[in-house]
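Architecture at a glance
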Amino acid sequence: NAGVTQTPKFRILKIGQSMTLQCAQDMNHNYMYWYRQDPGMGLKLIYYSVGAGITDKGEVPNGYNVSRSTTEDFPLRLELAAPSQTSVYFCASSYGSNEQFFGPGTRLTVL
Amino acid sequence: KQEVTQIPAALSVPEGENLVLNCSFTDSAIYNLQWFRQDPGKGLTSLLLIQSSQREQTSGRLNASLDKSSGRSTLYIAASQPGDSATYLCAVNHAGNMLTFGGGTRLMVKP
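None of these values were measured; they are calculated from a predicted model.

This part is about the overall build of chain A. Helix and strand counts for chain A come out as 0 helices and 11 strands. For chain A, the succession of helices and strands along the chain, N to C, is β-β-β-β-β-β-β-β-β-β-β. Taken over the C-alpha trace, chain A has a radius of gyration of 13 Å; the compact-globule value for 111 residues is 13 Å, and the two agree within 12%. Along the first, second and third principal axes, the C-alpha atoms of chain A reach 35 × 25 × 20 Å. For chain A, buried positions account for 46% of its 111 residues. Within the structure as shown, chain A displays about 5300 Å² of accessible surface, and the carbon and sulfur contribution to it stands at 53%.

Turning to the overall build of chain B, a few remarks are in order. For chain B, the helix and strand inventory stands at 0 helices and 11 strands. The order of α-helices and β-strands along chain B, N terminus first, is β-β-β-β-β-β-β-β-β-β-β. Over its C-alpha atoms chain B spans a radius of gyration of 13 Å, differing by no more than 12% from the 13 Å that the globule rule assigns to 111 residues. Expressed as lengths along the three principal axes of its C-alpha atoms, the size of chain B is roughly 40 × 25 × 20 Å. Taken over 111 residues, chain B has a buried fraction of 46%. Look at the contacts in chain B between residues 6 or more apart in sequence, and 54% of them connect residues 24 or more apart.

Moving on, we come to the interface of chain A and chain B. On the chain B side, the residues contacting the 20 residues of chain A number 22 residues. Together, S97, E99 and F102 of chain A form the three largest contributors to the area buried by chain A at its contact with chain B, with a combined 29%. Our count for the contact surface shared by chain A and chain B stands at 1 salt bridge. One salt bridge in this structure joins K1 of chain B and E59 of chain A, with 3.5 Å as the shortest N-O distance. Between the two partners, chain A and chain B, sit 7 residue pairs in polar contact (both at pLDDT 80 or more). Those elements that provide at least two residues to the side of chain A that touches chain B are β4 (31–37) and β5 (43–51) of chain A. Considering every element that reaches the side of chain A that touches chain B, the biggest residue donor is β4 of chain A, with 4 residues. A per-class count over the side of chain A that touches chain B returns 10 nonpolar, 7 polar and 3 charged.

All right, on to the nonpolar core then. Counting residues in hydrophobic clusters, the biggest one holds 23 residues, and the most contacted among them are L33, W35, L75, I77 and Y88 of chain B. When contributions to this core are tallied by element, the ones reaching two or more residues are β3 (19–25), β4 (32–38), β5 (44–51), β7 (62–67), β8 (72–77), β9 (86–93) and β11 (105–110) of chain B. Not counting chain neighbours up to four residues away, the residues in contact with L75 of chain B comprise L19, V20, L21, W35, L47, L48, L62, N63, A64 and Y88 of chain B. With 19 residues, the next largest nonpolar core counts C23, W34, I46 and Y89 of chain A among its residues.

A few words now on the sheet that holds strand β7 (residues 64–66) of chain A. All names here are of chain A. The 4 strands lie next to each other as β1-β3-β8-β7, forming an open sheet whose pairing is antiparallel. The sheet terminates laterally at β1 (4–7) and β7, the two strands that pair on one side only. If you compare each strand with its neighbour and ignore which way they point, the axes differ by 20 degrees on average. Across 4 bridges, the pairing between β1 and strand β3 (residues 19–25) is antiparallel.

So, how was this worked out
- Residues numbered from 1 in each chain as written.
- Chains lettered and ligands numbered in written order.
- Predicted model: local features only at pLDDT ≥ 70, side-chain atom pairs only at ≥ 80, totals over all residues.
- Heavy atoms only, no water.
- Helix = DSSP H or I, 4+ residues; strand = E, 2+ residues; numbered from the N terminus.
- Rg over C-alpha atoms; globule rule 2.2 N^0.38 Å.
- Buried < 20%, exposed > 50% of the residue type's maximum accessible area, 1.4 Å probe, protein only.
- Areas by Shrake-Rupley, 256 points an atom, 1.4 Å probe, with all protein chains shown as cover.
- Contact = heavy atoms within 4.5 Å.
- Buried area = accessible area lost by both parts, 1.4 Å probe.
- Salt bridge = Lys/Arg side-chain N within 4 Å of Asp/Glu carboxyl O.
- Polar contact = N/O pair within 3.5 Å; in protein donor to acceptor, adjacent residues only side chain to side chain.
- Nonpolar A, V, L, I, M, F, W, Y, C, P; charged D, E, K, R; others polar.
- Core = buried A, V, L, I, M, F, W, Y, C linked by side-chain atoms within 4.5 Å.
- Pairing = 2+ DSSP bridges.
- Axes fitted to C-alpha atoms, helices over the stretch in contact; angles between N-to-C directions.

Worth remembering: the numbers are spatial, not functional.
Put into structure tokens, the structure is as follows:
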């Protein structure tokens, strides 16, 4: 099992550009999450999904969108990148409310 | 709103010492609590998961305890080694679908 995979590993965007961060899991988990981690801080939840076709906002959803068309994939979309979105983004998955498993992260810089 | 605090923020110990990392949370109505390890520039590795009905969990040299009524968890590391140097994050699952993270404890174990 590859676990939770994320692409790309690194990305630099200009202000106003858009991009999609990809996340996939092969553990047949129903729950998936997106978190962001700012330097020296803990993680904050952006969006989560409890199953295909179902998504909901977390603590810091502004400026992001998600979709969940399959159990395996949970992409995160940034429409108009802003410097405040410079962060490390982590995708995670779990079976219900059980242990969450994290991907390696995407380091995003917006200039 | 659930808030999670980790004390101390940083800790430096000589190799071989036993140490305790602390985590406190404000809302005792939790599903579970998870301890993670994060190496610099890397993703999160799950160390231990304690369900709300449990008092402690052990894995090798690690032991995590949970006291829901007082809103506290501790991570005990026995016979610390330089390879244990990392940031340790505590996260509380209080709504069944998201984790609230503490700010982490940055541990340095000196040879």
